Amino acid sequence: IGGSDVVSESVVDQLETAGYTVDRIAGNDRYATSVEIAKYMDTQLAGVYAVDMAFFARGDNFPDALAVGPVAAGALSPIILVKPTSIPGTVAGVVSTLDITSGVIVGGSDVVSNDVRDGLVTIMQDNGGGAHPIERWAGDDRYATAIEVVKNGVEARWVDLDCVGVATGYNFPDALGGGAALGRYGSPLLLVKGETVPSTVSSWVKDNKLAIGEMDIFGGSDVVPDSVRTTLTSLLN
């Protein structure tokens, strides 16, 4: 995923030498790359599922897109990146050409503005969407937003609580790698804050402890400290 300036041709050569077949999905920037992924999904799912909804997240920061990853996988719908106050032309184009008629914006209006929402609404209504084709899933911060994503994902039955993943909300690699696995499981992702479990997260875990089958923490103790693991364990007991 990404152009040769992101993942070099030498990496491709090493993979091919090792016997792998390599495809590259890329656009001119992160927004265009997310568009190419959406188009690729539509092609791969043709005849099985029509991609008519999408999740939208801010492209210049990572937490919201990571939090919604497993849910988007369960919904068989792409995550398309937008700018905080504008819709890139490539994004507007793919929403139109794929006939996207509904969607979810992840993050508050300070993250993805109402102007962006209104612009997406107009395109979706032109595609035949309803009067209110876009929902917004948001909390007061990245941790609370991830909880809203989980709540809505479970309600829509795109994920379940047989397994719940946990990763730091300070950085993206562990949540990215873990999120791909969770998408395969059909399981959601929670974000934690350094050495603490945010109150919104602890409250949700406590309220749902009987439904949670197991919890997987992604990253070593230097990333998600043992104190966080101990807290989460106590909430589940």
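Residues numbered from 1 in each chain as written. Predicted model: local features only at pLDDT ≥ 70, side-chain atom pairs only at ≥ 80, totals over all residues. Heavy atoms only, no water.

A.B. asks: How should I be thinking about the pattern of salt bridges in this particular structure?
C.D. replies: Charged atoms that come close allow side chains of opposite charge to pair. Using the criterion set out here, one finds five salt bridges in the structure. In this structure, R117 engages D118 in a salt bridge whose closest nitrogen and oxygen atoms are separated by 3.0 Å. Note on R117: relative accessible area 29%, which makes it partly exposed. For E148, the salt bridge is made with K151, and the minimal N-O distance between the two is 3.5 Å. You can see E148 and its partner K151 sitting in helix α6 (residues 142-155), three residues apart, about one turn around the helix. Overall, the relative accessible area of 25% leaves E148 in the partly exposed class. (Salt bridge = Lys/Arg side-chain N within 4 Å of Asp/Glu carboxyl O. Buried < 20%, exposed > 50% of the residue type's maximum accessible area, 1.4 Å probe, protein only. Helix = DSSP H or I, 4+ residues; strand = E, 2+ residues; numbered from the N terminus.)

A.B. asks: Looking at this structure, I do not really get the nonpolar core. What am I missing?
C.D. replies: It is characteristic of soluble globular proteins that their nonpolar side chains tend to be buried jointly. Counting 28 residues, the largest nonpolar core has L190, W204, V205, M215 and L232 as the members making the most contacts within it. Those elements giving two or more residues to this core turn out to be α3 (63-74), α6, β5 (163-168), α7 (173-185), β6 (189-192), α8 (199-207) and α9 (226-236). For M215, the residues in contact, after removing those within four places along its chain, are V164, V166, L190, V205, L232 and L236. Formed by 26 residues, the second largest nonpolar core is a distinct cluster that contains A54, V82, V95 and I134. (Core = buried A, V, L, I, M, F, W, Y, C linked by side-chain atoms within 4.5 Å. Contact = heavy atoms within 4.5 Å.)

A.B. asks: Would you mind showing me how to read the sheet that holds strand β7 (residues 214-217) here?
C.D. replies: The pairing of strands in a sheet comes from backbone hydrogen bonds and takes either a parallel or an antiparallel form. Spatially, the three strands line up as an open sheet ordered β6-β5-β7, and their pairing is parallel. Both edges of this open sheet fall to β6 and β7, since each of them pairs with a single strand only. Direction aside, the axes of adjacent strands within the sheet are offset by 30° on average. Where β5 meets β6, four bridges bridge the pair, whose relative direction is parallel. Residue pairing across strands places G165 opposite L189, the latter belonging to β6. Strands in contact with α9 are β5, β6 and β7; relative to β7, the strand with the most contacts, it is inclined by about 170°. (Pairing = 2+ DSSP bridges. Axes fitted to C-alpha atoms, helices over the stretch in contact; angles between N-to-C directions.)

A.B. asks: Which parts of the structure should I look at to understand the sheet that holds strand β2 (residues 79-82)?
C.D. replies: The strand order across the open sheet built from four strands is β2-β1-β3-β4, with neighbouring strands paired in parallel fashion. The two strands at the open ends of the sheet, each matched to only one other strand, are β2 and β4 (134-137). Geometrically, the sheet is characterised by an average inter-axis angle of 25° between neighbouring strands, direction not taken into account. Both strand β1 (residues 53-58) and β2 contribute to a ladder of four bridges, which runs parallel. Note on β2: the bridge partner recorded for F55 is I79.

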